[in-house]
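# Structural overview
One-letter residues, chain by chain:
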Amino acid sequence: MDDWVPAELVAAGVDSPSVLSSLIRNPLYLLAILCLMQIFCWTVAPALVNVSPPNDVVEGFMWGREWVLLSYKHPQLPAWLLETSHLLTGSFRWPQYFLAQLTISATFVLVYLLARDLIGQKRALAAVLLMPSLYFFGWPTPQFNHDYAQMPFWAAICWLLWRAGRGGGPGWWLALGLVSGVGLYAKFSTALLLLFGAIWLLSDPRARSRLATPWPWLGLVVFVAVAAPLAVELNRVDFLPLTYAAWRDQWVLAHRSRFYYIGVQMAGLCGFVLVLAISGLLRRSAPPQEPVGRGILVYLLWMGLGPALLVMVASLFTGAGEAWGAPMYNLAGVVALALLGHRLGTVEMRKLAICAFVCIIGISGAYAGIRWTKCNLRGRMDAVCWPAQKISDEAEVVWHAAAPGRLDIVGGHPLIASLAGLNAYDKPSIFTDLNMQYAPWITKDRLRDHGILLVWPGRDVPPRLQVWVGNVPVKTVLFDWSLRAPPVVVSFAAIPPGAPQLANAIDSLAQTSN
């Protein structure tokens, strides 16, 4: 990279020896430090202040122990990864944050590999240094869910497709088929990127010529083989995830402005634009003598911006969750450097590196401070404020005081019941929404044989739980969770096997599910 340092900067002594200058001249070292800093800061900050995992993470942990292929919402690769992290560490306090940052760092590396092929090593490093300024690579990442699990798959697909379409050997096509298939297990919306990739493959003459060889078709066979179990399971559950997605879209339309999704995406890009300006890449300068090739620019714009723009337009009519676009900005930095990279010099690179580390350290620190303040000083009960360990401990006490066997099933309030089972020694299953379609691992026979522990916030028994509780004693417990706010009230009711009302509740449940 020494050959790209401008002569006038050398004469001015701007490239004088320093740690940062040395790292910039060795991009792989700087990339490794960036990834390690991302992993360390965004693992430690939430682990120190979050008493409970974020909502989606709690749900993922509880579903992960069932090892099902699909839930009623999504494929379950993220839940499998969460359960694996727990089995390896025995903790629910920090592994999920570490896992989330592994996926983010893997995305950094994959974006670098693609960008190096397309725009060169120097610009590739700059493109990755821009990524921490994107909202989706910082603040929301402690909530490891399907949106973040699919991030490295989107980056990998873009890289593998480019390599394969530009004359790569059979290994690239087979890897593309494998990664594309596994990516669907992270989230079905990976199919949107595959659609854009297929259109590019058919429209680009050089890539299209590869279809005359057997390798793309072997890659397709690998993809179909990997994705087939998911398709079979989707049919078996009556396409519940698609029904859920449609319901979610309608909820967004009913409760949010039509411009809500677009507004969130634009807000998430503000830091990115600010760093571009601070680095000097937005200044006026002469056009490059050797601009990025048209084929490269088309590929980056199509694969890097196409899905994000399409979802923005669609959100005006169908609604979209604000985080659904998270993996769609992986290539934002690469696009920016493809268009503005001729302005990149030593000074600009140093500014990008400094901004990247400031973003990682500053935003993770702000996250820790704001989360702690909201829970302890402002008394705002977010999902991460619930005293998860204490609720699980109490759930075990209530159950074993009422029934001789292990605590096998918890249900009631979706979040609080999951917290009751999360840290419980017996590792109970969650009866999601008391709906056997949503929790197929719960059967009528299992309920009859093992009973259920119901958990809900507040003192009064919710109407939907009254048929289950009957005359069973309800234990109400106050849990301290904040330095300023009063304790939170949680109620427990143990419905042991053989309880008189259990048969009627199960029959009523079956009729409701049907």
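Here the residue numbering is sequential within each chain, running from 1 through the sequence in written order. Per-residue local features are limited, in this predicted model, to residues with pLDDT of at least 70; the limit for side-chain atom pairs, both in listing and counting, is 80 or more; totals at the level of whole chains, interfaces and linings are taken over all residues. Water and hydrogen atoms were dropped before computing side-chain values, which therefore reflect all heavy atoms in the structure.

Here a helix means four or more residues in a row that DSSP labels H or I, a strand means two or more in a row labelled E, and each is numbered from the N terminus. By the secondary structure assignment, Leu502 is in helix α24 (residues 502-513). A residue is classified by how much of its surface remains accessible, and Leu502, at 3% relative accessible area, is buried. In contact with Leu502, not counting residues within four places along its chain, are Leu447, Arg448, Gly451, Trp468, Ile495, Pro496 and Pro497. With a 1.4 Å probe rolled over the protein chains alone, any residue whose accessible area is under 20% of its type maximum counts as buried; one over 50% counts as exposed, and the rest are partly exposed. Only heavy atoms matter for contacts: two residues are in contact if any of them lie within 4.5 Å across the pair.

Defined by distance alone, a disulfide is two cysteine sulfur atoms within 2.5 Å. Going through the model one piece at a time under the given rule, you end up with one disulfide. Linked covalently through their sulfurs, Cys375 and Cys385 form a disulfide whose S-S length is 1.8 Å. Linking Cys375 and Cys385, the disulfide has an S-S dihedral of approximately -75° and is accordingly described as left-handed. Of this pair, Cys375 sits in helix α19 (residues 346-376) while Cys385 sits in the loop between α19 and α20 (388-402), placing them 10 residues apart in sequence. Residue classification places Cys375 among the buried positions, given a relative accessible area of 6%. This cysteine, Cys158, is not joined by any disulfide, and Cys35 carries the nearest cysteine sulfur, 18 Å off. The buried category is assigned to Cys158, whose relative accessible area is 2%. Cysteine Cys359 shares no disulfide, and the gap to the nearest cysteine sulfur, in Cys355, comes to 6.3 Å. Cys359 sits in the buried class, given a relative accessible area of 15%.

The subject of this paragraph is the packing of aromatic side chains. Only rings of Phe, Tyr and Trp enter the pairing, Trp through its six-membered ring, and a pair is recorded when the two centres are within 6.5 Å. The plane angle decides the type: under 30 degrees is stacked, over 60 is edge-to-face, the rest tilted. By the definition in use, this model includes 18 aromatic pairs. With a centroid separation of 5.8 Å and 85° between ring planes, the pair formed by Tyr72 and Tyr244 is classed as edge-to-face. On the criterion of sequence distance, the pair formed by Tyr72 in the loop between α4 (55-64) and α5 (77-89) and Tyr244 in helix α14 (residues 240-255) is long-range, its members being 172 residues apart. The exposure class assigned to Tyr244 is buried, which follows from its relative accessible area of 17%. With 4.7 Å between their ring centres and 70° between their planes, Trp200 and Tyr299 make a pair best called edge-to-face. Of this pair, Trp200 sits in helix α11 (residues 190-203) while Tyr299 sits in helix α17 (residues 294-318), placing them 99 residues apart in sequence. Overall, Trp200 belongs to the buried group, its relative accessible area being 3%. By way of ring pairs, the aromatic residues Trp63, Tyr72, Tyr244, Trp247 and Tyr438 are connected into one cluster.

Moving on, we get to the nonpolar core. By nonpolar core we mean a set of buried residues, namely Ala, Val, Leu, Ile, Met, Phe, Trp, Tyr and Cys, connected to one another through side-chain atoms within 4.5 Å. Core analysis: the biggest nonpolar cluster contains 166 residues, and Phe431, Leu453, Trp468 and Phe492 have the highest contact counts within it. Once residues within four sequence positions are removed from consideration, Phe431 is found in contact with Ile409, Val410, Gly411, Met436, Ala439, Ile442, Leu447, Ile452, Trp468 and Leu509.

Bringing a nonpolar patch on the surface into the picture now. A cluster of nonpolar side chains, namely Leu195, Ile199, Val298 and Trp302, defines an oily patch on the protein surface of about 330 Å² accessible area. Position of Leu195 among the secondary structure elements: in helix α11. Using a relative accessible area of 46% as the deciding quantity, one classes Leu195 as partly exposed. What makes a patch is a set of residues exposed beyond 30% relative accessible area and free of salt bridges, joined within 9 Å when like-charged and within 5 Å when nonpolar (Val, Leu, Ile, Met, Phe, Trp, Tyr). Here, Shrake-Rupley sampling with a 1.4 Å probe gives the accessible areas, and only protein chains in the shown set may cover a residue. In what follows, salt bridge is the name for a side-chain nitrogen of Lys or Arg lying within 4 Å of a carboxyl oxygen of Asp or Glu.

A few words on the packing of α17 against helix α18 (residues 332-340). Running from N to C, α17 and α18 cross one another at 150°; their axes reach a closest spacing of 9 Å. Viewed along their axes, α17 and α18 adopt a mutual orientation that is roughly antiparallel. Classified by chirality, the crossing of α18 by α17 is left-handed. Residues Leu297, Leu300, Leu301 and Leu305 of α17 lie in contact with α18, whose contacting residues are Val334, Val335, Ala338 and Leu339. The axes used here are C-alpha line fits, helices contributing only the stretch in contact, and every angle between their N-to-C directions lies in the interval 0 to 180 degrees. Any angle that is under 35 degrees is reported as roughly parallel, and any over 145 degrees as roughly antiparallel; angles of 65 to 115 degrees are reported as roughly perpendicular and all others as oblique. Helix crossings get a hand from a simple test, with the near helix turned counterclockwise from the far one by less than a right angle marking a left-handed crossing and a clockwise turn marking a right-handed one.

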